[in-house]
Amino acid sequence: MNVLEQLGKNLLVPVIKLESADSATPLAETLLASGLPVAEITFRTAAAGAAIRSISRDVSDVLLGAGTVLTVDQVKEAMDAGAMFIVTPGFNPAVVDYCVEQRIPITPGINNPTGVEAALARGLSVVKFFPAEASGGVKMLKAMSAPYADVRYVPTGGVAAANLAEYLSVPTVLAVGGSWMVPADKIKAGDFEAVGALVREAVSLARSLRP
Ligand code: 3PG
């Protein structure tokens with residue numbers, strides 16, 4: 001199974017912001033123990049590269065991605081640290097082309113048909129729909145799904161337990177991303193019990209919606 005298929009199987013992509021790389025391994029272990037072997041570590045903090053490296057070294061069987069990737073240098077840093085896929089908030093042709101050339105799985109961020117077509121032109125059929133809620137949410141997603149039968153979306157941005165069902169009810173949604181089950185303040189406080197509870201709740205909700 002390839003990376004994108006595995007994302008689809010897990011239904012959820014936890015979008016993670018770490019202040020310190022020391023939290024990375026306990027967090028990944030929490031995710032794994034809570035039934036969600038996926039982690040998107042965002043380059044929103046300087047700890048991202050070291051965090052990816054720690055998880056890659058310490059925790060096997062986690063589908064490890066790098067998020068908020070804005071430059072080719074960050075792609076290189078993430079891949080060197082052990083990332084398996086790249087997520088970008090927008091469609092940066094330099095970043096996307098580099099990943100395609102290097103055969104690095106990437107879900108570029110798009111929020112309109114122009115973005116979808118830019119992805120299709122590069123042979124990519126899985127995109128991040130970002131920022132999902134602010135871009136029209138499920139209504140926009142359904143409208144965009146009509147012309148592009150083979151495109152699958154990972155809506156992210158404003159999705160949480162309360163509206164997860166809406167998104168997972170759309171057949172073209174491959175998986176849903178979000179930070180609601182990995183709150184940065186709980187991670188910073190080292191409260192992995194609370195994180196684990198939120199992850200388990202999200203996993204059981206997702207599984208009940210897409211058995
Ligand atoms: C992202 O980077 O993908 C989003 O900021 C996550 O959005 P959320 O915090 O609204 O879940």
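Residues numbered from 1 in each chain as written. Predicted model: local features only at pLDDT ≥ 70, side-chain atom pairs only at ≥ 80, totals over all residues. Heavy atoms only, no water.

1. Digging into the layout of surface pockets
The volume enclosed by the largest pocket comes to roughly 220 Å³. Mapped onto the lining of the largest pocket, the elements with two or more residues apiece are β1 (12-16) and β9 (176-178). Its residues placed into classes, the lining of the largest pocket shows seven nonpolar, seven polar and three charged. (1 Å grid on protein atoms, 1.4 Å probe; cavity = no way out; pocket = protein on both sides within 12 Å on 5 of 7 lines; lining within 4 Å. Points joined across faces, edges and corners; volume = space filled by probe spheres on them. Helix = DSSP H or I, 4+ residues; strand = E, 2+ residues; numbered from the N terminus. Nonpolar A, V, L, I, M, F, W, Y, C, P; charged D, E, K, R; others polar.)

2. Thoughts on the sheet that holds β1
Sheet architecture is open: six strands sit in the order β5-β4-β3-β2-β1-β9, paired in parallel fashion. At either margin of the open sheet sits one strand with a lone partner, and together these are β5 (106-107) and β9. In this structure, strand β2 (residues 38-42) lies alongside strand β3 (residues 63-67), joined through five bridges in parallel fashion. Counted as the bridge partner of Glu 40 is Gly 65 from β3. (Pairing = 2+ DSSP bridges.)

3. A few points about the packing of helix α8 (residues 161-168) against helix α10 (residues 192-209)
Packing of α8 against α10 leaves a shortest axis separation of 10 Å and a crossing angle of 30°. Accordingly, the angle class assigned to the pair α8 and α10 is roughly parallel. The chirality of how α8 crosses α10 is right-handed. Contacts from Ala 161, Leu 164, Ala 165 and Leu 168 of α8 reach α10 at Ala 202, Leu 205, Ala 206 and Leu 209. Of the residues contributing to the contact of α8 with α10, the split by class is eight nonpolar, no polar and no charged. (Axes fitted to C-alpha atoms, helices over the stretch in contact; angles between N-to-C directions. Parallel < 35°, antiparallel > 145°, perpendicular 65-115°, else oblique. Left-handed = near helix turned anticlockwise from the far one by under 90°. Contact = heavy atoms within 4.5 Å.)

4. Considerations on the pattern of salt bridges
Under the definition given, this model contains three salt bridges. As a salt-bridge pair, Asp 80 and Arg 53 come within 2.9 Å of each other at their nearest N and O atoms. Of the two residues, Asp 80 is situated in helix α4 (residues 72-81) and Arg 53 in helix α3 (residues 48-58); the sequence distance between them amounts to 27 residues. Look at Asp 80 and you get exposed, because its relative accessible area is 54%. Here Arg 53 falls in the partly exposed class, since its relative accessible area comes to 40%. Of the charged contacts, one joins Arg 57 and Asp 58 as a salt bridge, the two residues approaching to 2.8 Å between their closest N and O atoms. (Salt bridge = Lys/Arg side-chain N within 4 Å of Asp/Glu carboxyl O. Buried < 20%, exposed > 50% of the residue type's maximum accessible area, 1.4 Å probe, protein only.)

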